[in-house]
Amino acid sequence: MSKKILILSASPRKGGNSDKICDEFLKGALDAGHSGEKIFLRDKKINYCTGCGFCNTNNYTACSQKDDMAEILEKMLEADVIVMATPVYFYTMDAQMKTFIDRCCSRYTHVTNKDFYFIATAADERKSALERTIDGFRGFTVCLDNVREAGIIYGSGVWQKDDVQNTTLLQDAYIMGTNV
Ligand SMILES: Cc1cc2nc3c(=O)[nH]c(=O)nc-3n(C[C@H](O)[C@H](O)[C@H](O)COP(=O)(O)O)c2cc1C
């Protein structure tokens, strides 16, 4: 069955390590006959959640703020597979990803029946150094109904923008993409 993939790339570095891993994942998925796209969050206008409660009083159907989140949330609802990618900043996700997740509040009860994949990149060589970041993603997905954690790319040991090219991470991501 052909699936619809949505990749959310949260690094501020376009073409950086996690963003390249996203591209390979998407390439693998497309080569396997699926459809999908990557959204580079920095290209979008995503304000902070203000905690105003508008979504709560409107059954999580809308947000009081008018920016690019509505369009992204619509795509999340349509997707079968959601991939979330972040660089590790001070041993957790970066601000772009956290801001994005907080803004999912406006429709999160409707984000159901999805497979989730997580991608994180860090300079630290230890895979264990990425666990807090991955656990941060789980803080989001644990709030969603009927979702599955389907795979994780632990991108440890990559510091400079192109370091990922000296690893097997791109191949790993491609293969993971083919197997969604
Ligand atoms: C503000 C900042 C904080 C960082 N904090 C960490 C960290 O806590 N641990 C770590 O291993 N690497 C840290 N790094 C390095 C990045 O995680 C690393 O360069 C990663 O490959 C960036 O991914 P990207 O190319 O997808 O943006 C930090 C980098 C920046 C710019």
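Reading the values: the criteria
- Sequence order as written defines residue numbering, which begins from 1 separately in each chain.
- Selection of residues for local features in this predicted model requires a pLDDT of at least 70, selection of side-chain atom pairs for listing and counting requires 80 or more, and totals for whole chains, interfaces and linings are taken over all residues.
- Calculated side-chain values reflect all of the structure's heavy atoms, with hydrogen atoms and water omitted.
- Labels follow the DSSP assignment, with helices taken as runs of H or I lasting at least four residues and strands as runs of E lasting at least two, numbered in each case from the N terminus.
- Each radius of gyration reported is based on C-alpha atoms, and the globular scaling rule is 2.2 Å times the count of residues to the power 0.38.
- On a scale of 0 to 100, pLDDT captures the predictor's confidence in every residue.
- One heavy atom within 4 Å of a molecule or strand makes the whole residue count as near it.
- Under the rule applied, a polar contact is a pair of N or O atoms within 3.5 Å (in protein, one hydrogen donor and one hydrogen acceptor; residues adjacent in sequence only if both atoms are side-chain atoms).
- Method for areas: the Shrake-Rupley scheme with a 1.4 Å probe, in which residue coverage is limited to the protein chains shown.
- Ten residues, namely Ala, Val, Leu, Ile, Met, Phe, Trp, Tyr, Cys and Pro, are considered nonpolar, four, namely Asp, Glu, Lys and Arg, are considered charged, and the remaining ones, Gly among them, are considered polar.
- Two strands qualify as a pair provided that DSSP identifies no fewer than 2 bridges between them.
- Angles here are taken between N-to-C directions and fall from 0 to 180 degrees, while the axes themselves are lines fitted to C-alpha atoms, restricted in helices to the stretch in contact.
- Residues belong to one nonpolar core when they are buried, are Ala, Val, Leu, Ile, Met, Phe, Trp, Tyr or Cys, and are joined through side-chain atoms within 4.5 Å.
- Classification of residues uses two cut-offs on accessible area relative to the type maximum, computed with a 1.4 Å probe and protein chains only: under 20% is buried, over 50% is exposed, and between them is partly exposed.
- Whether two residues touch is decided by their heavy atoms; if any such pair falls within 4.5 Å, the residues are in contact.
- A pairing counts as a salt bridge when a side-chain nitrogen of Lys or Arg comes within 4 Å of a carboxyl oxygen of Asp or Glu.

Visitor: Would you mind going over the overall build of the protein chain with me for this structure?
Guide: When helices and strands are tallied, the protein chain shows six helices and five strands. Secondary structure elements of the protein chain occur, N-terminal to C-terminal, as β-α-β-α-α-β-α-β-α-β-α. Taken against the 2.2 N^0.38 rule, which gives 16 Å for 180 residues, the C-alpha radius of gyration of the protein chain at 16 Å falls within 12% of a compact globule. Seen through its principal axes, the protein chain has C-alpha atoms that stretch 50 × 40 × 25 Å.

Visitor: What should I look at first to understand the confidence of the model for the protein chain in this one?
Guide: A low pLDDT score tells you not to read the predicted coordinates there in detail. Scored by pLDDT, the protein chain has a mean of 98; 100% of the residues are at 70 or more. Within the protein chain, no element has a lower average pLDDT than helix α2 (residues 54-57), which sits at 96, and none a higher one than strand β3 (residues 81-87), at 99.

Visitor: Even after reading the chapter, I still don't get the site of the ligand, so can you show me in this structure?
Guide: Lining the immediate environment of the ligand, one finds 16 residues, of which Ser 11, Ser 18, Val 88, Asp 124 and Val 158 sit closest. The side chain of Ser 18 places a nitrogen or oxygen atom 2.5 Å from an oxygen atom of the ligand. Residue Asp 124 places a main-chain N or O atom 2.8 Å away from an oxygen atom belonging to the ligand. Isolated, the ligand exposes 640 Å² of accessible area, and the fraction of that covered by the protein chains is 83%. Residue classes in the shell around the ligand are distributed as nine nonpolar, five polar and two charged.

Visitor: Looking at this model, I keep getting lost on the sheet that holds strand β4 (residues 114-121). Mind explaining?
Guide: Pairing between the strands of a sheet comes from backbone hydrogen bonds, and it takes one of two forms, parallel or antiparallel. Strand order in the open sheet made by the five strands is β2-β1-β3-β4-β5, with parallel pairing throughout. Looking along the sheet, the strands with just one partner apiece sit at the ends: β2 (35-40) and β5 (147-155). Each neighbouring strand pair of the sheet contributes to a mean axis angle of 15°, computed without reference to strand direction. Relative to β2, strand β1 (residues 4-9) is paired through six bridges, and the arrangement is parallel.

Visitor: Can you help me understand the nonpolar core in this one?
Guide: Nonpolar side chains in soluble globular proteins tend to end up buried together. Of all hydrophobic cores here, the largest spans 31 residues; its most connected members are Leu 8, Met 76, Met 84 and Phe 100. Of all the elements in the fold, those that place two or more residues in this core are β1, α3 (69-78), β3, α4 (95-103), β4, α5 (131-141) and β5. Ignoring sequence-local partners within four residues, the contact set of Phe 100 consists of Leu 8, Leu 41, Ile 46, Met 69, Ile 72, Met 76 and Met 84. In this structure, Ile 5, Val 83, Ile 119 and Ile 153 belong to the second largest nonpolar core, which totals 20 residues.

Visitor: Even after reading the chapter, I still don't get α4, so can you show me in this structure?
Guide: A turn of α-helix holds 3.6 residues, and therefore any two residues three or four places apart point the same way. Met 97, Thr 99, Phe 100, Ile 101 and Arg 103 are the residues of α4 that are buried. Lining the buried residues of α4 we find β1, α3, β3 and α5.

Visitor: Can you walk me through the pattern of salt bridges in this structure?
Guide: A pair can form between side chains of opposite charge whenever their charged atoms are brought close. Scanning the entire structure with this criterion turns up 14 salt bridges. Glu 37 is the partner of Lys 75 in a salt bridge, and the nearest nitrogen-oxygen pair spans 3.0 Å. Separated by 38 residues along the polypeptide, Lys 75 in helix α3 and Glu 37 in strand β2 bring together distant segments of the chain. For Arg 103, the salt bridge goes to Asp 67, with nearest N and O atoms at 2.6 Å.

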